[in-house]
Each structure stands twice: as structure tokens, then as C-alpha cells.
Amino acid sequence: MDKINELRTKIDELDTKLVKIFAERLQIAKEILSLKISNQLNADDFKREREIIEKLFNEFGDEISKYTIERLYKTIFSISKESFKKEHQNLTAIELLKLRPIIIAGPCVVESQEQIFRIAEELSGIGVKLLRGGAFKPRTRPNSFQGLGDEGLDYLLDAACKYQMYTVTEILDIEQLERNYEKIDIIQIGSRSMSSYGFLKQVGRLSAQDGKPVILKRGFAATIEEFVNAAEYIRQEGNPNVILCLRGIRTFEQIDSKLRFTPDIGTIMDLKERTDMPVIFDPSHSTGVSRYVIPIARAALAAGADGLMVETHYNPDEALIDGFQAIFPRDLKVIIDETLN
Ligand code: PEP
Ligand code: MN
């Protein structure tokens, strides 16, 4: 027992040193990031990150595995970027969402570092602040590409950090959210999860700590009342900041129509009369046809939607998922310009 206590004392001493050194490292990393941004250099430097990991592996490879060093340092790098991003965002996500229209754009799925950086660059160039990108994809077929997982979310965060944007991503279970909480500015709950009341409560409870906004997408077979009540499951756990997102419903239209779902445009007005929650519209999933996206987006805004969530890609034909309903950032700019006039 004495031995255990003795070792614990050593651990406590080491922890004190470790956290002190970590705080110092964090401070220096932030200074470097600041200098890079003020000199208009790339904020991210994956080559340098690789070099750090390789150097430590060469030094400590006998004592600690490369996998462990890699995991530890990937976490350290992402914490540094997260805290930098927070300090340099002049608005919190909640404040930002007070601005109208709320424009959320990005690819269906984060495919690679290069893909999300390029899309983020183009979108930030047209004034978009909220960057969506799926890391955990709810696919109809279990063998289809499911997204890059935590790695995809890291790329999304890196891109958002570089272009001073906010991350919006779907999570499929509470562990994904717990592990990645700090990386996500706006939590997305997808259409397929809307009726998982236990999950909604877990998300509500976890996000009640800071009121992080939650976008709840309408289940494609849910009534309006079921949808609003699903949002209440989250809110009753202590987070009032739920945004309702309409994304099309399944009707008999789908028997022989080109539409992937039926755009529930009229529901915007009904929801606005029933609740105080912001209502946004997804013209991508609700139509499933790129050339229908802009007209339906206009219709949604005309019906009083507080914003849009639009799938965008620099080359929709190349997109790994849902390219048939993605538009180019330049096409989204047309809508943004119209709302400003
Ligand atoms: C999405 O927005 O990435 C998505 C999967 O949408 P939905 O949940 O509406 O199908
Ligand atoms: Mn999609």
C-alpha cells in the first residue's frame, strides 16, 4: 500500500509538470498561429506536424509506440487549433446564428484534407461562415462509404480554423459527440435519428453545459407535431438552442418523380407560427437534383425560412456522396447576393 501511495505521489508531481508544460506549449503554439495569420501564411502545417511526430518517434521509439505518439500529438495539435480558433472567433456560434439568413454550406461528406480545405476556401470567399461536412454518415447501405470518422472531423476543424469558420457536423451516437465535443460548433442530428428520443435527451443533456446550438433535421416520415416534440426532448434537458431544419419528406410523389423527397416548403410557415425556434431549409436533400436547388432555396427564403443548409462542392461530379444534389459555391453566391439586396 505504501508503495502505491509513493507511486501516486510521483504521478501527481508528474501531472503538475505535464500540465504546466502543456500550458506553455499551448501558449507558444498560439503565438505561432497568430504570427502566421498576421503574415498571411497558412495556419495549418501538416508537414511540420508529421516532422514533430517522426522526430519524437526517433527519440523515444524504444519506449513508446509510434501509434501512441501519433495519437497523443494529434490530440495536442487539435487542442491548440481549437483554442486558437475560439479566441479568434469574434462571435460565439449562438451569436452568429442571430444573423439572417443563416447560411450553412459544405460538402455532404469530408472526403480528404485537400477537398475540405478547397471548399472552405471557396465558401469563405463568398462570405459563408458556417462550414458543414459529414464525418459520420448515416448511409442506407452498411457497405457504402461511412465517412472518415474522427479524422474527417479533424480536417473539418483544421479547415474551419484556417478560414475562420464554424463547424457543423452530424453525429450518430453520443460517444461520437463526447469525444469530439470541442471540435463541433453546431451539432447536427440527422433525419434518421430524429425519433431516437433517448439519443435526443443525451444530446440535450451534454449540450446544456454551454448551450451549444443543435440543428435537428426533420425525420422524412415525421409529422410536424412529432418534429416539434422531438426538438422539445432536447430543449427540456436544458439546451434551448435548437434550430429546426426541414429537408423534405417522403410522399407518393417519390413513386415516379425525379425528386428525392418532397420539399416541405409550406411547413416553414406553419413552424414559424408554432414555435420560437429558427427554421432553416435544406434544398439539397429535399430535391436531390442540383438544378432544382437554387429555385427551391429561393422558395424557402420567400416562405420565411431563417436560413439554408446547402451541399456545395467545387466539382459535384467528383463528389463521393450526393454529388447529384450539390451545387458550386459560385451558384450559392447568387442566392447570398439576392438576400443582401
Ligand atoms: C446531411 O445533411 O448530411 C444528411 C444526411 O441529411 P438528412 O439527415 O436530412 O438525410
Ligand atoms: Mn448528403
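Because the structure is predicted, anything quoted here is derived from the model rather than measured. (Residues numbered from 1 in each chain as written. Chains lettered and ligands numbered in written order. Predicted model: local features only at pLDDT ≥ 70, side-chain atom pairs only at ≥ 80, totals over all residues. Heavy atoms only, no water.)

To continue, consider the site of ligand 1. Taken together, Arg132, Lys137, Glu170, Gln188, Gly190, Ser191, Arg192, Lys217, Arg247 and His285 form the complete shell of residues around ligand 1. Arginine 132 places a side-chain nitrogen or oxygen 2.7 Å from an oxygen atom of ligand 1. Interatomic distance of 3.0 Å between a side-chain N/O atom of glutamine 188 and an oxygen atom of ligand 1. Taking 300 Å² as the accessible area of ligand 1 by itself, protein coverage stands at 96%. (Near = heavy atom within 4 Å. Polar contact = N/O pair within 3.5 Å; in protein donor to acceptor, adjacent residues only side chain to side chain. Areas by Shrake-Rupley, 256 points an atom, 1.4 Å probe, with all protein chains shown as cover.)

Following both chains from N to C, one finds helix α2 (residues 46-60) and helix α3 (residues 66-88) inclined at 140°, their axes separated by 10 Å at the closest point. Judged on the interaxial angle alone, α3 and α2 are oblique. Crossing of α2 against α3: the hand is right-handed. Only Lys66, Ile69, Glu70, Tyr73, Phe77 and Lys81 of α3 make contact with α2, whose side of the interface consists of Phe46, Glu49, Arg50, Ile52, Ile53, Glu54, Leu56 and Phe57. Of the residues contributing to the contact of α2 with α3, the split by class is 8 nonpolar, no polar and 6 charged. (Axes fitted to C-alpha atoms, helices over the stretch in contact; angles between N-to-C directions. Helix = DSSP H or I, 4+ residues; strand = E, 2+ residues; numbered from the N terminus. Parallel < 35°, antiparallel > 145°, perpendicular 65-115°, else oblique. Left-handed = near helix turned anticlockwise from the far one by under 90°. Contact = heavy atoms within 4.5 Å. Nonpolar A, V, L, I, M, F, W, Y, C, P; charged D, E, K, R; others polar.)

Enumeration according to the criterion identifies 3 aromatic pairs in this entry. With a centroid separation of 4.4 Å and 15° between ring planes, the pair formed by tyrosine 197 and tyrosine 233 is classed as stacked. You can see tyrosine 197 sitting in helix α8 (residues 197-207) and its partner tyrosine 233 sitting in helix α9 (residues 224-235), a full 36 residues away along the chain. Judged by relative accessible area, which is 34%, tyrosine 197 ranks as partly exposed. For tyrosine 233, a relative accessible area of 32% puts it in the partly exposed group. Its end group placed over the ring of phenylalanine 57, lysine 66 keeps NZ or CZ at 5.3 Å from the ring centre. (Phe/Tyr/Trp six-rings, centres within 6.5 Å; stacked < 30°, edge-to-face > 60°. Buried < 20%, exposed > 50% of the residue type's maximum accessible area, 1.4 Å probe, protein only. Lys NZ or Arg CZ within 6 Å of the ring centre and 35° of its normal.)

On to the domain arrangement of the chain. Per the domain assignment, the segments making up the chain are domain 1 (2-88) and domain 2 (93-340). Each of domain 1 and domain 2 was reduced to a C-alpha centroid, and the two centroids are 33 Å apart. On the domain 2 side, the residues contacting the 12 residues of domain 1 number 15 residues. Contact with domain 2 buries surface across domain 1, with Phe46, Glu82 and Lys85 losing the most and accounting together for 46% of the total. Here domain 1 is connected to domain 2 by 0 salt bridges. (Domains from an automatic or database assignment. Buried area = accessible area lost by both parts, 1.4 Å probe. Salt bridge = Lys/Arg side-chain N within 4 Å of Asp/Glu carboxyl O.)

Within the protein, the manganese ion (ligand 2) binds to Cys108 (SG), His285 (NE2), Glu311 (OE) and Asp322 (OD); these donor distances fall in the range 2.1 to 2.4 Å. Counting gaps between the donor residues of the manganese ion (ligand 2) yields the pattern C-x176-H-x25-E-x10-D. Within this pair, whereas cysteine 108 is found in the loop between β1 (102-106) and α5 (113-125), its partner aspartate 322 is found in the loop between β8 (307-311) and α13 (329-340), the two being separated by 214 residues in sequence. Aspartate 322 carries the same exposure label as cysteine 108, and that label is buried. (Donors = N, O, S within 2.8 Å, 3.2 Å for Na, K, Ca; no water.)

This part is about the sheet that holds strand β5 (residues 214-217). Spatial ordering of the closed barrel is given by β1-β2-β3-β4-β5-β6-β7-β8, a layout of 8 strands whose pairing is parallel. Along the sheet, successive strands turn relative to each other by an average axial angle of 25°, direction set aside. Pairing between strand β4 (residues 186-189) and β5: 3 bridges, direction parallel. Note that in β5 the partner of glutamine 188 across the bridge is isoleucine 215. In the packing of α5 onto the sheet, the strands contacted are β1 and β2 (130-132), and the crossing angle to β2 comes to about 150°. Strand contacts of α9: β4, β5 and β6 (242-246), with the helix running at about 155° to β6, the strand carrying the most contacts. (Pairing = 2+ DSSP bridges.)

For serine 191, the location among the structural elements is in the loop between β4 and α8. Looking at serine 191, the relative accessible area reads 9%, which means it is buried. Within polar-contact distance, the side chain of serine 191 engages the backbone oxygen of arginine 218 at 2.8 Å. Aside from chain neighbours lying at most four places away, what touches serine 191 is Lys217, Arg218, Gly219, Phe220 and Arg247.

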